[in-house]
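Each chain is listed here by its residues.
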Amino acid sequence: MPPPTPVDRLSGVLEHFRVRAQLHHSGALCGITQFDASEGYGYLHVLRRGQLEVSHPEAGGVPRSLQLDAPTLLFYPRPITHRFHNPPVEGADFTCARLTFEGGAANPLARSLPPLVVLPLARVPGLDLALELLFSETDRVRCGQRLLVDRLFEVVLIQLLRWLLDHPQEAGVHPGLVNGMSDMRLARALVAMHAAPGEPWTLARMAACAGMSRTAFANTFRERVGQTPADYLAGWRIALAQRRLREGRPIKILADELGYANPSALSRAFTAKAGMSPRAWLASAQAAEADVPGAGDAVARVATRR
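What counts, and where the lines are drawn
- Counting restarts for each chain, with residues numbered from 1 along the sequence as it is written.
- Local features in this predicted model are restricted to residues whose pLDDT is 70 or higher, and side-chain atom pairs enter the listing and the counts only when it is 80 or higher, whereas totals over whole chains, interfaces and linings include all residues.
- Only hydrogens and water are set aside; all other atoms, that is, all heavy atoms of the structure, feed into the side-chain values.
- Helix and strand assignments follow DSSP, with helices taken as H or I runs no shorter than four residues and strands as E runs no shorter than two, numbered in order from the N terminus.
- Burial classes: relative accessible area under 20% of the type maximum marks a residue as buried, over 50% as exposed, and values in between as partly exposed (1.4 Å probe, protein chains only).
- Note on definitions: a residue-residue contact is assigned when non-hydrogen atoms from the two residues lie within 4.5 Å.
- By convention a nonpolar core is built from buried Ala, Val, Leu, Ile, Met, Phe, Trp, Tyr and Cys residues, the set being connected through side-chain atoms within 4.5 Å.
- Polar contact is defined as a pair of N or O atoms within 3.5 Å, subject to the rule that within protein one atom must be able to donate a hydrogen and the other to accept it, and that residues adjacent in sequence are counted only when both atoms are side-chain atoms.
- Within 6.5 Å between ring centres, the rings of Phe, Tyr and Trp (the latter by its six-membered ring) count as paired, and their orientation is classed by plane angle as stacked under 30 degrees, edge-to-face over 60, tilted in between.
- The rule is short: NZ of Lys or CZ of Arg within 6 Å of the ring centre and within 35 degrees of the ring normal puts a charge over the ring.
- Each pair of strands is called paired provided DSSP finds at least two bridges between the two strands.
- Working convention: axes come from line fits to C-alpha atoms, limited for helices to the stretch in contact. Angles between N-to-C directions cover 0 to 180 degrees.
- On a range of 0 to 100, pLDDT expresses the predictor's confidence in each residue.
- Multiplying 1.5 Å by the residue count of a helix minus one yields the expected span of that helix.
- Comment: arc refers to directions from the helix axis out to C-beta atoms.

1. Looking at the overall build of the protein
- Assigned secondary structure in the protein consists of 13 helices and 9 strands.
- Each principal axis of the C-alpha atoms in the protein carries an extent, and together these give about 65 × 55 × 40 Å.
- Classification of the 306 residues of the protein by burial places 47% in the buried group.
- Restricting the contact set of the protein to residue pairs at least 6 apart, pairs at least 24 apart contribute 72%.

2. Quick notes on the nonpolar core
- Formed by 72 residues in total, the largest nonpolar core has its most connected members in Leu44, Phe75, Phe153, Leu164 and Phe217.
- The leading source of residues in this core is helix H3 (residues 145–166), at 10 residues.
- The contact partners of phenylalanine 153, leaving out residues within four places of it in the chain, are Ala21, Leu23, Leu44, Val46, Thr95, Cys96, Ala97 and Leu134.
- Core analysis: the next-biggest nonpolar cluster, separate from the first, contains 17 residues, Leu66, Leu74, Phe84 and Phe94 among them.

3. Brief notes about the side chain of threonine 81
- Topologically, threonine 81 is positioned in the loop between strand E6 (72–76) and strand E7 (82–85).
- There is a polar contact of 3.0 Å between the side chain of threonine 81 and the backbone nitrogen of alanine 37.
- Leave out the neighbours within four places in its chain, and threonine 81 touches Gln34, Phe35, Asp36, Ala37, Ser55, His56, Pro57 and Glu58.

4. Some remarks on the packing of aromatic side chains
- Applying the stated criterion across every chain, the model contains 7 aromatic pairs.
- Ring centres of phenylalanine 35 and tyrosine 43 lie 5.1 Å apart, and the angle between their planes is 65°; this geometry places the pair in the edge-to-face category. Assigned by exposure class, phenylalanine 35 and tyrosine 43 land together as buried.
- When the centroid spacing of 5.5 Å and the interplanar angle of 50° are considered together, the rings of phenylalanine 217 and phenylalanine 221 count as tilted. With phenylalanine 217 and phenylalanine 221 both in helix H8 (residues 214–225) and 4 residues apart, this pair spans about one turn of that helix. Each member of the pair, phenylalanine 217 as well as phenylalanine 221, carries the same accessibility label: buried.
- Every member of this aromatic cluster is reached through a ring pair, and the members are Phe35, Tyr43, Phe84 and Phe94.
- The ring of tryptophan 201 has arginine 205 sitting right over it, with the charged end atom 4.3 Å from the ring centre.

5. Some details on the sheet that holds strand E1 (residues 19–29)
- Spatial ordering of the open sheet is given by E1-E8-E3-E6-E9, a layout of 5 strands whose pairing is antiparallel. Each edge of the sheet is formed by a strand with only one pairing partner; in this case those strands are E1 and strand E9 (117–120). The mean angle between the axes of side-by-side strands here comes to 15°, regardless of whether they run parallel or antiparallel.
- Sheet analysis places strand E3 (residues 42–49) next to E6, joined by 5 bridges and oriented antiparallel. Across the sheet, tyrosine 43 pairs through a bridge with tyrosine 76, a residue of E6.
- The strands touched by H3 within the sheet are E1, E3, E6, strand E8 (92–101) and E9, with E1 carrying the most contacts at an inclination of about 105°.

6. Remarks on the sheet that holds strand E4 (residues 52–55)
- With respect to topology, 4 strands assemble into an open sheet ordered E2-E7-E4-E5, the strand pairing being antiparallel. The open sheet has two free edges, formed respectively by strand E2 (32–35) and strand E5 (65–68), since each of these has just one partner strand. Along the sheet, successive strands turn relative to each other by an average axial angle of 20°, direction set aside.
- As defined by bridge partners, E4 adjoins E7 across 3 bridges and the pair is classed as antiparallel. What sits directly across from valine 54, in E7, is phenylalanine 84.

7. Overview of the pairing of E9
- Across the two faces of E9 the burial differs, with Val117 and Leu119 buried and Val118 and Pro120 not buried at all.
- Bridge analysis of E6 against E9 gives 4 bridges, and the strand direction is antiparallel. Across the sheet, residue threonine 72 finds its bridge partner in E9, namely proline 120.

8. Structural notes on the confidence of the model for the protein
- Overall, the prediction assigns the protein a mean pLDDT of 87, with 91% of residues at 70 or greater.
- Considering only residues more than four positions removed or in separate chains, one finds that residues 292–306, a stretch of pLDDT under 50, has 28 contacts.

9. Focus: helix H9 (residues 229–246)
- A rise of 1.5 Å per residue sets the reference length of H9, with its 18 residues, at 26 Å; its end C-alpha atoms lie 26 Å apart and thus fit the reference within 8%.
- Phi for glycine 248, located one or two positions after H9, is positive at around 95°.

10. Topic: helix H7 (residues 203–210)
- Along H7, the residues that are buried comprise Met206, Ala207 and Ala210. Down the axis of H7, the buried set is contained in an arc of 95°. They therefore lie on one face.
- Here the buried face of H7 lies against helix H6 (184–195), H8 and H9.
- Just downstream of H7 lies glycine 211, where phi reads positive at about 70°.

The following block contains the structure:
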């Protein structure tokens with residue numbers, strides 16, 4: 001029997017819900033530096049050299065403090081207040097990026113990741129090549145530097161996400177999308193749903209994509225993803241609807257694209273998930289974004305609680 005065809009587990013998600021990186025700091029940090037959750041950013045820190053103590057004053061699901069003395073990646077997918085305690089003179093050497101997950105707290109990838117991933121650089125195969133180019137760009141100013149560094153940080157992030165998909169237990173990944181996609185059988189079904197959300201996805205069809213019986217598929221899916229397949233599909237469709245509403249797409253077209261019989265059916269499903277109608281949700285999201293950059297995430301959080 002030929003080996004199963006490899007599945008690209010990330011591209012479909014990242015095409016629909018982009019992650020943007022923006023260079024925040026490069027060089028030594030001395031004394032205490034705070035990264036405040038109220039700013040609304042995730043972070044990807046690369047400790048290049050030196051020693052570091054990290055503390056979390058509002059620790060919830062993360063260590064109160066930790067000590068690092070080797071080159072390390074620190075990945076915060078969601079906003080969490082954290083402080084770097086560096087030696088007051090020589091400091092430690094960092095390259096850091098702010099991360100913005102499109103859709104905020106409703107981003108299906110961001111909400112399935114642990115609140116903090118701490119990973120020695122040597123643990124991620126191939127990462128040294130991307131980091132070598134990243135460091136060469138941050139070490140001196142050249143034309144287009146910031147744009148190139150931002151893209152290189154996104155390359156590093158994709159390599160990190162690949163590692164997480166292959167090592168979910170080591171990374172402390174809980175039930176959710178990443179944990180589901182780490183199972184190659186479920187990944188085939190998830191990738192197919194992501195690519196064609198408007199198709200009539202029955203349990204039998206999903207299970208066939210995974211090469212499993214309906215019962216085995218349903219039980220494994222709930223265990224790994226933390227939802228039934230139908231609940232996950234509904235959440236994916238509504239997350240896509242929210243993204244496309246922000247882009248100005250009319251609800252009538254979205255209903256057909258996302259597999260609903262008519263706009264009323266989509267509106268009912270949307271209200272059940274988000275707690276408000278598509279029109280009210282969009283008005284709230286636009287008002288929040290106009291008032292405070294990143295505040296639209298507060299609206300997105302409504303959907304994740306329901």
